[in-house]
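# Inside the fold
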Amino acid sequence: MTWDPTCVTEELVVNMGPQHPSTHGVLRLILRLDGERVLEVRPDIGFLHSSLEKIAERLDYRQYLPYTDRYDYLCAMANELAYVRAVESLLGVEPTPRCQWIRVMMAEMNRIASHLVYYGALGMDTGATTVFLYCFRERERILQLFEDASGQRLLYHYFRIGGLRNDLPPGFCEGLRSFLDEFPRRVAEYDALLTRNRIFRSRTEGVGYLSPEAALSYGVTGPTLRGSGVSYDLRRAAPYYVYPELEFDVPTRPEGDVMARHLVRQEEMLQSVHLLHQCLDRLPPGEINVKVPRKLKPDPGEIYVRIESPRGELGVYLISDGSEKPYRLHWRAPSFHNLQAYPEMCQGAYVADLVAILGSLDIILGDVDR
Amino acid sequence: MSEGQEQQIASVSSPEPLSAELQEIAGDLTTGGCVRAGRPELLTTPENLLPLLNRLHELPEPYSRLTDLCGVDWGDRVQVVYALCRGYGAEMVLVKVDLPRAQAEVPTVTGLWQLAFWPEREVAEMFGVTFVGHPNCEHLLLPEGFVGYPLLKDYEYDRSNPLLSPDPLREDPDAVLGGPPSEDETGAS
Amino acid sequence: MLSFIANWLRDLLTAWFQAWHVPLVFVDILAWIVGGVAILILVMVVALVFIYLERKISGYIQSRLGPERVGPWGIFQTAMDALKLLQKEDIVPAGADKILHTLGPIAFFVVGLLGYLVIPWEEGGTIARMVDAHVGVLYVLAFGSLSVIGILMGGWGSNNKWSLLGALRGAAQMISYEVPMLLAVVCVVLLAGSLSLSTIVDQQKTLGLLSWNLWRPWLWLPVILYLIAATAEVNRTPFDLPEAESELVAGYHTEYSGMKFAFFFLAEYGNFFLVGLIFSVLFLGGWSSPFGYPDPLRIPGVIWLLGKATVTVFFLMWVRWTLPRLRVDQLMSLCWKVLLPVGFLSLLIAGTAALYV
């Protein structure tokens, strides 16, 4: 039999999503396939667009706070932190030391919770269902602590402008400490179950490569960037609150593949544990709230605040015109920019890789579409 | 806490003059500038935008990373804001371009940074800015055929023309559905 | 026990038919029908039980409870699910090939059933002695590979790209893994010197546990080969690519609902249990007691066989809830580059052993 060069296999255009088990929400990917090979990926976003920036212009500074939770629903504390910090900077208010420590603690706990969802979801995407439930078992304990503190499991509304809703409830620190003592063992368990599994490694190593240059050009941040070997973490690069006083590593991996991003997140969970131990040890007593006026009317001006959310660089660009409502609020959403680099990573991938790569980006569609 | 932070809190709404360094680099390409909360801002025109960004990009210590791109509506003019970072550092400069509402056109920066593709599409659909040279400036977040620019201050939600493009059914239901016959027709019959 | 019932039934029928002057051919025909229905019921029950067990075991592995509400410990959960599926609307997507869409699950289900005919349930042969199983091994392998047709029909007939991808993956995978599985089985056949499943069991019964094929070092490779290839044949994790939930939505049965879906689902578990049965027959001594022959405990052989198959199935479930899924290219390279050479190697070893041991 001779090879006929004019014989071309038919290409298949498939819609992956908006309803699909592993697009992590309502993301639509338009795929052009040659058999199992992916020739082209085109993400189509906007299905979860909720006019978050427009809503801000219609509400006053305090009323908008609960909306920040709903925007990236897996790390509500980080969003609250960014927004509250922006408003407080506009107002010229500095939170009390205890408040700052608690905010950092909450943000780090939220980072662990968010990374646990990522961890389980990547397992799910590669077909290992069990690790997902293990991760949720541990996440449940963090959510329980959040519920004790704020009364909510997911959308906390715990940070307030000028302080916090309430001080930590009794027993919180003990509960957190017992969780922190146990958690590293659990991570070792996941490591053995998923990360060191041969099949998982063959599915993730060398898949979805993102070069540091491309990451720079696409504005990729967070663990996705650190998986490409760039040590950039806003907690280090532009520290806020008490981070300069805390000791932690910024884990990076040079490989730039799915496994590298995975390992970075795994290590970050342990670093957060380390941070939380320090927070618990050094948590100062004192007030949690500073007095802010009943009507918030910052002077005209603008501020750009950046923090390190579990997904990357979360920015808030807030403009005040001196009235009670923000004149303009813009979110620099980490998932939005990370997702934009997705087609770059999918070059020459298989259908199954698409899912793993998307999982390794850890996008939240609420964050992408805002 | 840190020194920078206190400074930042003290001076959010009281701009200071630009540093001599930035003044020297960008002075001739900008129409104004200030330092607000320790963060420089440069105001430029659409014609000078690309030369300015290129110049910032080619400094010995370049502002090589575009982190954010967004629009602001100031009533008579629309502002496009570019947030540039000095590598992976803390230093950030905001470059702002003022565009008249009537002719909001600005060159695309997609040639410099891949990041700009989506945010430019977003600004285009939300503010009605045209990015000259953008390869594919369709709607990104809004549905195809959406009419209006929702993030403009004077955008009014119009119930008769909500999310979708002019839909024949909504424009003139009778024409599509047959509807009740008009009076002359009844008269004629 | 089974043959006792079958003989008793046959004697009874013969007596009646003789009394009523009916040709005795009808005794055979009736026995075939009864046997067929018995297998159908068995497969249904087995599937329901194993779906329940799978949920309970996965719950145990994943530190959760599994079904709890319907009946004590949730034992009626799968039965209720099957009832629910019966009531569901049968949706045929627009543009689907109606005939293939309907035939797909039926073909898959029927082929799954046929494998059960030749299993030696206890001493003396197969259920109701219906099939003369001199070539039982060949028969099982032949029908095992037919199930790919049902998958292809369903995937192609659904007019859905995900289904088509799933079906193509299924076809590629099942045809490929047929080869190492065959090689593994041939090793056993070589040593037994017979294609009859009953003979293979007979050779493992004398010393009970000790005479199992599993303990023969020259059959260790085939044991592993068979387990891997059989897992791939029944499309279970790590080889569940044809229905890979996170990639292909539900693969070839994406567009199925109601009873047609139930057919796919039940047949899948039927096939799964069949793998357990065949493994027990080939390597674990089939119906024979592990304590020697004749069985000192006087437990019917069919119980032993079901027990051994359940243990095998449990092992495969354990694997499923532990491992991630392979990618399609890795799946193929594993089959052709690793399992196939190992298969030939084990054939060589088994052949040598058959000659000299």
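For the structure, see preceding data.
Residues numbered from 1 in each chain as written. Chains lettered and ligands numbered in written order. Predicted model: local features only at pLDDT ≥ 70, side-chain atom pairs only at ≥ 80, totals over all residues. Heavy atoms only, no water.

### Details of the overall build of chain B
The cut-off we apply is this: Only DSSP runs of H or I covering at least 4 residues are called helices, and only runs of E covering at least 2 are called strands; the numbering of each starts at the N terminus. The cut-offs for exposure are 20% and 50% of the maximum accessible area for each residue type, with area from a 1.4 Å probe on protein chains only; residues under the lower value are buried, those over the upper are exposed, and the others partly exposed. Whether two residues touch is decided by their heavy atoms; if any such pair falls within 4.5 Å, the residues are in contact. Here, Shrake-Rupley sampling with a 1.4 Å probe gives the accessible areas, and only protein chains in the shown set may cover a residue.
Scanning chain B from terminus to terminus reveals seven helices and seven strands. Reading the secondary structure of chain B in the N-to-C direction produces α-α-β-β-α-β-β-β-β-α-β-α-α-α. Among the 189 residues that make up chain B, the fraction classed as buried is 45%. Considering only contacts in chain B between residues 6 or more positions apart, those separated by 24 or more positions represent 45%. Total accessible area on chain B stands at roughly 9,300 Å², and carbon and sulfur atoms take up 51% of it.

### Regarding the sheet that holds strand 2 (residues 28-34) of chain A
Here is the rule we go by: When DSSP finds at least two bridges between two strands, those strands are taken to pair. Fitted lines through C-alpha atoms serve as axes, helices being fitted only where they are in contact, and the angles separating the N-to-C directions of these axes extend from 0 to 180 degrees.
Spatially, 1-2-3 (chain A) is the arrangement adopted by the three strands of the open sheet, whose pairing is antiparallel. The sheet is open, and its two borders are formed by strand 1 (12-16) and strand 3 (37-44) of chain A, each paired with just one other strand. Direction aside, the axes of adjacent strands within the sheet are offset by 20 degrees on average. Here seven bridges tie strand 2 of chain A to strand 3 of chain A, and the two strands are oriented antiparallel to one another. Among the inter-strand pairings, L31(A) is bridged to a residue of strand 3 of chain A, identified as V41(A). In the packing of helix 6 (residues 161-192) of chain C onto the sheet, the strands contacted are strand 1 and strand 2 of chain A, and the crossing angle to strand 1 of chain A comes to about 110 degrees.

### Observations concerning the interface of chain C and chain A
Put simply, the rule reads: What counts as buried area is the accessible surface, traced by a 1.4 Å probe, that two parts surrender upon association, with contributions from both included. We define a salt bridge as a side-chain nitrogen of Lys or Arg found within 4 Å of a carboxyl oxygen belonging to Asp or Glu. Ten residues, namely Ala, Val, Leu, Ile, Met, Phe, Trp, Tyr, Cys and Pro, are considered nonpolar, four, namely Asp, Glu, Lys and Arg, are considered charged, and the remaining ones, Gly among them, are considered polar.
Each partner contributes to the interface: chain C provides 25 residues, whereas chain A provides 35 residues. For the chain C and chain A pair, buried surface summed over both sides reaches about 2,500 Å², with 60% attributable to carbon and sulfur atoms. Inspection of the region where chain C meets chain A yields two salt bridges. E36(A) is the salt-bridge partner of R169(C), the closest N and O atoms lying 2.5 Å from each other. Of all the secondary-structure elements, those providing two or more residues to the side of chain C that touches chain A are helix 6, helix 9 (245-248) and helix 12 (328-356) of chain C. Classifying every residue of the side of chain C that touches chain A gives eleven nonpolar, six polar and eight charged.

### A few points about empty space enclosed by the protein
All names here are of chain C. This is how the line gets drawn: Definitions used for this entry: grid spacing 1 Å over protein atoms alone; cavity, a set of points where a 1.4 Å probe fits but cannot get out; pocket, an open set with protein on both sides within 12 Å along at least 5 of 7 lines; lining residue, one with an atom within 4 Å of a point. Grid points are joined across faces, edges and corners, and a volume is the space filled by probe spheres set on the points.
Counted by the stated rule, this structure contains eight cavities of 30 Å³ or more. Empty space within the largest cavity amounts to approximately 260 Å³. Considering the residues around the largest cavity, the lining is formed by 21 residues, among which V140, G144, M181, L274 and I278 are closest to the centre. Going through the elements one at a time, helix 4 (98-114), helix 5 (136-157), helix 6, helix 8 (220-233) and helix 10 (258-283) are the ones with two or more residues in the lining of the largest cavity. The biggest single contributor to the lining of the largest cavity is helix 5, with six residues. Classifying every residue of the lining of the largest cavity by side-chain character gives 15 nonpolar, five polar and one charged.

### Topic: the packing of helix 6 of chain C against helix 8 of chain C
Residue and element names in this part refer to chain C. To keep it simple, the criterion reads: An angle below 35 degrees is treated as roughly parallel, one above 145 as roughly antiparallel, one from 65 to 115 as roughly perpendicular, and anything else as oblique. In this scheme, a crossing is called left-handed if the near helix is turned counterclockwise away from the far one by less than a right angle; it is called right-handed if the turn is clockwise.
At a minimum axis distance of 8 Å, the contact between helix 6 and helix 8 shows a crossing angle of 155 degrees. It follows that helix 6 is roughly antiparallel to helix 8 by the angle criterion. The two elements helix 6 and helix 8 meet at a crossing, and its hand is left-handed. When helix 6 is examined against helix 8, the residues Q173, M174, Y177, E178, P180, M181, A184, V185 and C187 are found in contact with a partner set consisting of P222, L225, Y226, I228, A229, A230, A232 and E233. Here the contact of helix 6 with helix 8 is built from residues that sort into 14 nonpolar, one polar and two charged.

### Some points on the pattern of salt bridges
As a working rule, side chains carrying opposite charge can pair if their charged atoms are close by. Residue and element names in this part refer to chain A. All chains considered together, the criterion is met by 50 salt bridges over all chains. R311 is the salt-bridge partner of D362, the closest N and O atoms lying 3.0 Å from each other. Taken together, the positions of D362 in the loop between helix 14 (351-361) and helix 15 (365-369) and R311 in the loop between strand 6 (301-309) and strand 7 (312-320) put the pair 51 residues apart, joining distant regions of the chain. In this structure D362 comes out as buried when scored by relative accessible area, which is 5%. Residue class for R311 comes out buried when judged on its relative accessible area of 1%. Salt bridges linked by common partners bring E108, R111, R226, D233, R235, E268 and E308 together as one network.

### A look at helix 12 of chain C
An α-helical segment advances 3.6 residues per turn. Residues three or four places apart therefore align on the same side. Inclusion rule: In a helix, the anticipated span is given by 1.5 Å times the number of residues less one. The quantity called bend is, for any residue, the angle between two axes fitted respectively to the seven residues ending at it and the seven beginning at it.
The first and last C-alpha atoms of helix 12 of chain C sit 40 Å apart over 29 residues, in line with the 42 Å expected at 1.5 Å per residue. Considering bend angle alone, the principal kink of helix 12 of chain C is centred on L339(C) and spans about 35 degrees; proline P341(C) follows within four residues of it. Along helix 12 of chain C, the positions that sit buried rather than exposed are V328(C), Q330(C), L331(C), C335(C), L339(C), L340(C), G343(C), S346(C), A350(C) and A353(C). Next to the buried residues of helix 12 of chain C lie helix 7 (198-204) of chain A together with helix 6 and helix 8 of chain C.

### Focus: the environment of A82(C)
As for its placement among the helices and strands, A82(C) is situated in helix 3 (residues 77-87). Taking the C-alpha atoms as reference, A82(C) lies 40 Å from G292(C); in sequence the two are 210 residues apart.

### Comments concerning the interface of chain A and chain B
Of the residues lining the interface, 52 residues belong to chain A; the matching set on chain B comes to 48 residues. Surface buried jointly by chain A and chain B totals about 4,200 Å² across both partners, of which 56% is contributed by carbon and sulfur atoms. On the chain A side of the interface with chain B, the three residues burying the most area are E302(A), Y304(A) and Y327(A), jointly 15% of the side's total. Applying the counting rule to chain A against chain B returns four salt bridges.

### Quick notes on the sheet that holds strand 1 (residues 30-36) of chain B
Residues and elements named next belong to chain B. Sheet architecture is open: five strands sit in the order 1-2-5-4-3, paired in mixed fashion. The open sheet terminates on both sides in strands that have one partner only, identified here as strand 1 and strand 3 (65-73). Looking at each pair of strands side by side, their axes are set apart by 20 degrees on average, direction ignored. Summarising the sheet, strand 3 and strand 4 (residues 77-85) pair through eight bridges and their orientation is antiparallel.

### Points about the layout of surface pockets
What the largest pocket holds in volume is close to 1,100 Å³. Looking at the lining of the largest pocket, the elements with two or more residues in it are strand 2, strand 3, helix 1 (52-58) and helix 13 (342-345) of chain A together with helix 4 (117-127) of chain B. Here the residues of the lining of the largest pocket are counted per class, giving 24 nonpolar, nine polar and 14 charged. In this structure, the second largest pocket encloses a volume near 920 Å³. Lining of the second largest pocket is provided by 38 residues; of these, E243(C), E245(C), F261(C), F265(C) and R320(C) occupy positions nearest its centre. Listing elements by their share of the lining of the second largest pocket, those giving two or more residues are helix 2 (25-61), helix 3, helix 9 and helix 10 of chain C. In terms of residue count, the dominant contributor to the lining of the second largest pocket is helix 10 of chain C (seven residues).

### Some details on the packing of aromatic side chains
Formally: We call Phe, Tyr and Trp rings a pair once their centres come within 6.5 Å, taking the six-membered ring for Trp, and we label the pair stacked below 30 degrees between planes, edge-to-face above 60, and tilted otherwise.
Overall, the coordinates contain 35 aromatic pairs over all chains when judged by the stated rule. Judged by centre distance (6.2 Å) and plane angle (65 degrees), the ring pair of Y243(A) and F248(A) falls under edge-to-face. Per residue, the accessibility class of Y243(A) equals that of F248(A), and both read buried. On the numbers, 5.4 Å between centres and 50 degrees between planes, the contact of F108(C) with F264(C) is tilted.

### Re the packing of helix 4 (residues 97-125) of chain A against helix 5 (residues 130-150) of chain A
Each packed pair of helices is defined by two parameters, the angle between the axes and the distance between the axes. Residue and element names in this part refer to chain A. Between helix 4 and helix 5, the least distance of the axes is 8 Å, while the angle of their chain directions is 160 degrees. In terms of their interaxial angle, helix 4 and helix 5 are classed as roughly antiparallel. Considering only the axes of helix 4 and helix 5, their crossing is left-handed. Across the interface between the two elements, M106, M109, N110, I112, A113, L116, V117, Y119, G120, A121, G123 and M124 of helix 4 pack against V131, F132, C135, F136, E138, R139, I142, L145, F146 and A149 of helix 5.

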